[in-house]
Structure formats: structure tokens, C-alpha cells
Amino acid sequence: MSAVQFNKKGKVSRILPFSCVDGPGNRLVIFLQGCNFHCKSCHNPHTINHCHHCGECVEHCPTGALTQDANNQVVWREEVCIHCDTCTDVCSFHSNPKIKEWSVAQVLERIRQQHLFISGVTVSGGEATLQLPFVLALFQAIKTDRALAHLSCFIDSNGSLTTHGWEKLAPYTDGVMIDLKAWQSETHQWLTGRNNHRVIQSITHLVELNMLHELRLLHIPGKSDLDSELTALCELLQTLPSNVQIRLNAFQTHGVKGEARAWAKCDYAEIERFAARLRQHIAHPIILPSKTVLDHLR
């Protein structure tokens, strides 16, 4: 085993101290900046790109928390920031000026503050695996730390990582949650800017590695094709181990930018109908979004 790289740094969008929807149990979630998909339906588009310091956000900041230094680099002063998200709302580059670089050592210290109250750590994004060296070093550090080794390490991913990348993560990763946004490659290309060949390859390879915890299916009425391609989709689902969860995500417009803001929302009756069709073909546990939440977002 190689030595842990405690100085390895990752670009972090934010750290959520407690979550019960990002893997099993109560988890600390680390959202990394940067994504190689440009999903029309993304409700966190500010996590896609890295800030290119154009300064567009500076003049809109109501508290002066954003400035530009002598090198025209955007500087964020966290101590005066009120987290109103005006900067990410006005950014036309799908970025966030409030990114911080965290070392593995710094993240470990953050985890230690609450390690007795969580069951694990999930790395999400953006796309977490774009910062593979950082994730690998972090998970290795957790698994070799006597006080933290009981924590499970999970990844929330769009499935674009290579099989070689997954194999590097396998010794330190307890589970992976993959998003499948469309069945036909052409539809997936239209929705995300990438085809889904690598995504499906990741799903099947993670099964071989015994790492696939959850497959997430995005239902966008009239836009995505998982419903119309149900037979082919279920042929894939039937090959998954029975303990793999199928989580259904119902498209909503909160946070979405561009043409998708005008798309019809997926209400609870529609996602329930889709789930009922799936249950006719598979016996896997199917998790639906909260009816209360969807009703609130209507």
C-alpha cells in the first residue's frame, strides 16, 4: 500500500455535514467542483465549470464579499459572505467563485469533528471522479485512520470514469451511486452533451467489482426516454444484483438554467406510474422521491 498523500488537494464546492439521501445512513457529503457533463436538467449548474475570473459576479455581490486582485483573479472573502447565491445566479459560465481548495489532511480534520455522529462519507459533485487522485487519497486516508476506518466511503457519479479508474478506487470504496439519464445514446447526448456508452460500461463493471450500490434513473416527461425504452432498460436492470437500489428522480426546474426551465415538471403521480411499470419487470428495491417535496415544488 502506498503512503497516504495528506497534502493532495481537491477543489471543493461545499461540504454538507449531514445528509440521509446521499448513501446509506447519515453521511457527510463533499461536493467537488467541475463536471464533464453539461446536463440541460442540472439543478446545480454552478458546479460544472471552474471559475475563469471574468469578474461578472463581482459587481452583483451585495456585501462586497467578491473582489478582483491586482492579477484580475476573483477573490472570495468568506467572512462577509451571506451566501445569498447571487454570484452563482448571475454567472453565465456555470461556475462558482466560492470554491476552496481543501487538502486531504484538512478534510480529515473536518470529518473528525463529527465522526461519531455519521456512518460514512460521500464524495459528490459536479463529477467527483474528475478529481480522482484527491478522492483516492482521501478514501485511503479514511480507511487507514484508526478513528475513522469504521466510516463507509461512497461516490456519487455520472459514470464517466474508465474501468481502470474504478479498479484503482475499489480497495477503498464501499459503494457507488450512478446516474443513468437516458437509454438511447443519442438522447443522452442531447441531454448531457455526452453519449452513455461509458455510463453503461461503468454500471456493468461496478457490478463485477461488487461496488454498485444504487442506480438513479431520471424521469423527464416528454423529454427523456427511459419510460419509452422500458423493455431495453429492464433487461439491464435484471442483470443487477438484487440488493442494488433503483432510485427514481423526478425532474424539477429549481436551479435549472436555459431551455429546461420551460419543461414540464414530473409530479408524484407521474413518477409513481413510472415506478409501477418498472415493478412489473424487476424485483429490486425502488426508491421514489418524497410526495411532500414534489407537491411543494409544483
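Residues numbered from 1 in each chain as written. Predicted model: local features only at pLDDT ≥ 70, side-chain atom pairs only at ≥ 80, totals over all residues. Heavy atoms only, no water.

Per an unreviewed UniProt entry, the protein chain carries the name YjjW family glycine radical enzyme activase and comes from Vibrio navarrensis. Recorded in UniProt for the protein chain, the comment headed Sequence similarities (unreviewed entry) runs: "Belongs to the organic radical-activating enzymes family." The heading Cofactor (unreviewed entry) in the UniProt record of the protein chain holds the text "[4Fe-4S] cluster". (UniProt positions renumbered as here; feature names shortened; annotations may be inferred.)

> Can you walk me through the packing of aromatic side chains in this structure?
Counting across every chain of the model gives 2 aromatic pairs. A ring pair is formed by Trp-190 and Trp-263, whose centres lie 5.5 Å apart and whose planes are at 25°; its orientation type is stacked. Of the two residues, Trp-190 sits in helix α5 (residues 185-192) while Trp-263 sits in the loop between β10 (245-250) and α8 (268-279), which places them 73 residues apart along the sequence. Using a relative accessible area of 36% as the deciding quantity, one classes Trp-190 as partly exposed. Trp-263 sits in the buried class, given a relative accessible area of 8%. For the ring pair Phe-251 and Trp-263, a centre distance of 5.7 Å and an interplane angle of 55° mean the geometry is tilted. Here Phe-251 is found in the loop between β10 and α8, whereas its partner Trp-263 is found in the loop between β10 and α8, with 12 residues between them in sequence. Each member of the pair Phe-251 and Trp-263 is classed as buried. An aromatic cluster of at least three residues, connected via ring pairs, comprises Trp-190, Phe-251 and Trp-263. The lysine or arginine in question, Arg-14, covers the ring of Phe-31, its NZ or CZ lying 4.5 Å from the ring centre. (Phe/Tyr/Trp six-rings, centres within 6.5 Å; stacked < 30°, edge-to-face > 60°. Helix = DSSP H or I, 4+ residues; strand = E, 2+ residues; numbered from the N terminus. Buried < 20%, exposed > 50% of the residue type's maximum accessible area, 1.4 Å probe, protein only. Lys NZ or Arg CZ within 6 Å of the ring centre and 35° of its normal.)

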